[in-house]
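# Fold and geometry: a report
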Amino acid sequence: MSTASTRIPLIRTGQALQSLRDSGHSLPTALGEPIDNSIEAGANIIHVRLDDTPGQRGKRHVHRIAIADDGSGMDRQTLHQYLVLGFSTRYMRTDTIGKYGVGAKLAALNFACRFDVWSRQSPSEPWLHVYFDLTEALEAEKAGQEVGVESPVAEAVPEDLQDLLPTESGTLVVWSKVDRLEEGRLAPSFDLLRVEVERELSRIFRYFINGGIKLLVNGRELLAHDPLFLMENTWADEVMTKALARELEDDARQKRRRHFAATVILNDEPIKIGDSNAKVTVTLYPKEVIRKRGQGGDALAKDLRIPDNQGCISFIRLNREVSYTNVPRIFGRSVDDPDRFIGIQVAFDPTLDAFFGVRNVKRGVEPHGELREQLSKLLKRYLKTARDMIEDIWGAAAKEDETNHGEHTAVTAAAKNADRMMPKGRAKGPASAEGEARILDDLATDVVGNDEEAKKKYIEKIRDLPFVLESVDWPGTNFIDIKHLAKMVIIRLNTRHRFYREMWEPTKEIATRGAGGITVEEAVKASRRTIEALELLVIAFGKAQSMDENPDERYSDLTPYWGQFLDTLMGRIKGLI
């Protein structure tokens, strides 16, 4: 038996590339890799186009993706090397976005089996073309042939892609044989997938977009999305300008885009690591965005992408976001709803890649060691400041609501929707329209005083509510006063009553301050008194029934209805305070 050694290839190229298809990219982070190359090439305009066709069972399928730029283009030698895994003209440099030479290749393979590249450096030159096809590579490997990339050849760009080409120099990258982007896999529909791409890219490349580089997705130019709310002319400014125009019944198209600026809590605070600094910025969103407690997940908040921000830190490397995520246990306590209104950014240069855990594909960051410790300590201090300021804004909004519209506006507005699912009341109300008007006028006087204009506005606001709940002042030990109109139940709570003063008011005050504004002792004391008061409320209800000679007959419907409606309302209304 021969003992002579035989050298064999270290890597089965085709099969290795097949395995590397699962590099964990989302579509936006994958697209970010060739966009990085466009920016490094000095592009001013970058086009991204997703082409879809009907697929199986009627589902649309992205079959091709094109990324075009008007950058400097590549010469023949660089273009030949472009598709080689590990090749980069900026290999391991610390002053450029890319350095490993694998990002754009792995990003393409994550979704497609073929990628083509056309490039030229001047309008007098032909478009040079190279390509790699994974299917062909696997077949060549099976036949014992070497897997590689053929030399660039002059070749015209397909007719249906020529509208993306720049007039002078530039590069066109095309991913085809896309097999992982059918509807329902990454998004319920093609349109939602496109929207996600727009949302993510507008945030990842916000500094470049805000600096004047045009980035378009399927022909739509993106506005920068700044999760710190510091930049002007952003997506948020556009949304807020339109929202306020609708609120004022104005024509948004006639209004210049306004800027809604955040409050800077911490500005580029350095964290020194070795000879380099990471810089931390913390902002508080504008009060027009924070608005009132309980509105952080409504339609406007979702348009502004506020829920996405809860607990997230934006990590910026050379002005390019490489991660936007919640870092476990770095805030010192669990993330809470108010945190979605706090912008956090950590900026660093590539010399700190090892401390931030930057990988060979620019997605995912997790600071560790000394860096993590310093960052956590800094955030604990300034997040408390931001959270306290949010509570102040919410408290001021609540007081304004109470002054203008009554204490319980949010709950009664929500109860209006819940009422649609409940049986309709049988109460007929006053015998005359004058009697109903008198009851409403008395209520308005209790809430806003004797100003006739203010009373008129208040009555107009509550006119279509099925329930009106107000806290007002009157003498005596009666806690609840109820008036039934034809289509409305008016409930007044007596603010002089012991139950209101000792349970309702203190509990509400603690709730509006939030978790960061109370001590553990205060919370425990308030919880104990609340339980006592609720128990006494139920006992008093039973005692009141016992004052009738035949309570079982008289109140046979009241107690079941009360329990049923309480269950319905609590199931549908929560998180308003």
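So, here's what we can say about the structure. The structure displayed is predicted, hence computed values, not measured ones. (Residues numbered from 1 in each chain as written. Predicted model: local features only at pLDDT ≥ 70, side-chain atom pairs only at ≥ 80, totals over all residues. Heavy atoms only, no water.)

The next point concerns the sheet that holds strand E16 (residues 489-494). Sheets are built from strands paired through backbone hydrogen bonds, the pairs being either parallel or antiparallel. Strand order in this open sheet of three strands is E14-E16-E15, and the pairing throughout is mixed. Where the open sheet ends on each side, the last strands, each with one partner, are strand E14 (467-472) and strand E15 (480-484). Across the sheet, the mean angle from the axis of one strand to that of its neighbour is 15°, orientation sign disregarded. Both E14 and E16 contribute to a ladder of six bridges, which runs parallel. (Pairing = 2+ DSSP bridges. Helix = DSSP H or I, 4+ residues; strand = E, 2+ residues; numbered from the N terminus. Axes fitted to C-alpha atoms, helices over the stretch in contact; angles between N-to-C directions.)

On to the pattern of salt bridges. Evaluated as defined, the whole model comprises 35 salt bridges. Measuring nitrogen to oxygen at the nearest pair gives 2.9 Å for the salt bridge that ties Asp388 to Lys384. Highlighted residues: Asp388 and Lys384, both in helix H12 (residues 369-405), separated by four residues, approximately one helical turn. Relative accessible area serves as the criterion here: at 44%, Lys384 is assigned to the partly exposed category. With a shortest N-O distance of 3.8 Å, Asp419 and Lys424 are connected by a salt bridge. Given the relative accessible area of 16%, Asp419 is considered buried. According to the relative accessible area criterion, Lys424 is exposed, its value standing at 55%. (Salt bridge = Lys/Arg side-chain N within 4 Å of Asp/Glu carboxyl O. Buried < 20%, exposed > 50% of the residue type's maximum accessible area, 1.4 Å probe, protein only.)

With respect to the helices, strands and loops of the structure, Glu522 is situated in helix H17 (residues 520-546). Along the primary structure Glu522 and Ile510 are separated by 12 residues, whereas in three dimensions their C-alpha atoms are 8.3 Å apart.

Here we come to the packing of helix H2 (residues 27-40) against helix H6 (residues 190-204). Contact pair H2 / H6: the axes reach a minimum separation of 9 Å and the direction vectors enclose 55°. With respect to H6, the axis of H2 lies oblique. Relative to H6, H2 is oriented so that their crossing is right-handed. Judged by residue contacts, Leu27, Pro28, Leu31, Gly32 and Ile35 of H2 engage Leu193, Glu196, Val197, Glu200 and Leu201 from H6. Of the residues belonging to the contact of H2 with H6, the class tally is seven nonpolar, one polar and two charged. (Parallel < 35°, antiparallel > 145°, perpendicular 65-115°, else oblique. Left-handed = near helix turned anticlockwise from the far one by under 90°. Contact = heavy atoms within 4.5 Å. Nonpolar A, V, L, I, M, F, W, Y, C, P; charged D, E, K, R; others polar.)

Within soluble globular proteins, side chains that are nonpolar tend to cluster in buried spots. Counting residues in hydrophobic clusters, the biggest one holds 51 residues, and the most contacted among them are Leu31, Ile35, Ile65, Trp175, Leu201, Phe205 and Leu215. Apart from the residues lying within four places of it in its own chain, the contact partners of Ile65 are Leu27, Leu31, Arg49, Leu50, Val173, Val174, Trp175 and Leu181. If you look at the next biggest cluster of nonpolar residues, it comprises 46 residues, including Ile290, Ile306, Phe341 and Val365. (Core = buried A, V, L, I, M, F, W, Y, C linked by side-chain atoms within 4.5 Å.)

Turning to the side chain of Arg114, a few remarks are in order. Counting through the fold element by element, Arg114 comes out in strand E3 (residues 112-120). A polar side-chain atom of Arg114 sits 2.8 Å from a polar atom in the side chain of Asp116. Sequence-distant contacts of Arg114, defined by excluding residues within four places in its chain, comprise His129, Tyr131, Phe132, Asp133, Glu136, Val174, Trp175, Ser176 and Lys177. (Polar contact = N/O pair within 3.5 Å; in protein donor to acceptor, adjacent residues only side chain to side chain.)

Moving on, we get to the sheet that holds strand E4 (residues 128-133). Spatially, E5-E4-E3-E6-E2-E1-E7-E8 is the arrangement adopted by the eight strands of the open sheet, whose pairing is mixed. Both outer strands of the open sheet, strand E5 (153-154) and strand E8 (220-221), are each paired with one neighbouring strand and no more. As paired strands, E3 and E4 are joined by six bridges and run antiparallel to one another. Bridged to Ser119 within E4 is Leu128. Against the sheet, H2 touches strand E1 (45-54), strand E2 (60-69), strand E6 (170-178) and strand E7 (214-217), its axis set at about 20° to E2.

Looking now at the pairing of E7. With four bridges joining them, E1 and E7 adopt parallel strand pairing. Within E7, the residue paired with His47 across the bridge is Leu216. Alignment of E7 against E8, held across two bridges, turns out to be antiparallel. Bridging across to E8, Val217 finds its partner in Arg220. Linking two consecutive strands that pair antiparallel, namely E7 and E8, is a turn of two residues; a positive phi of about 50° is found at Asn218 within it.

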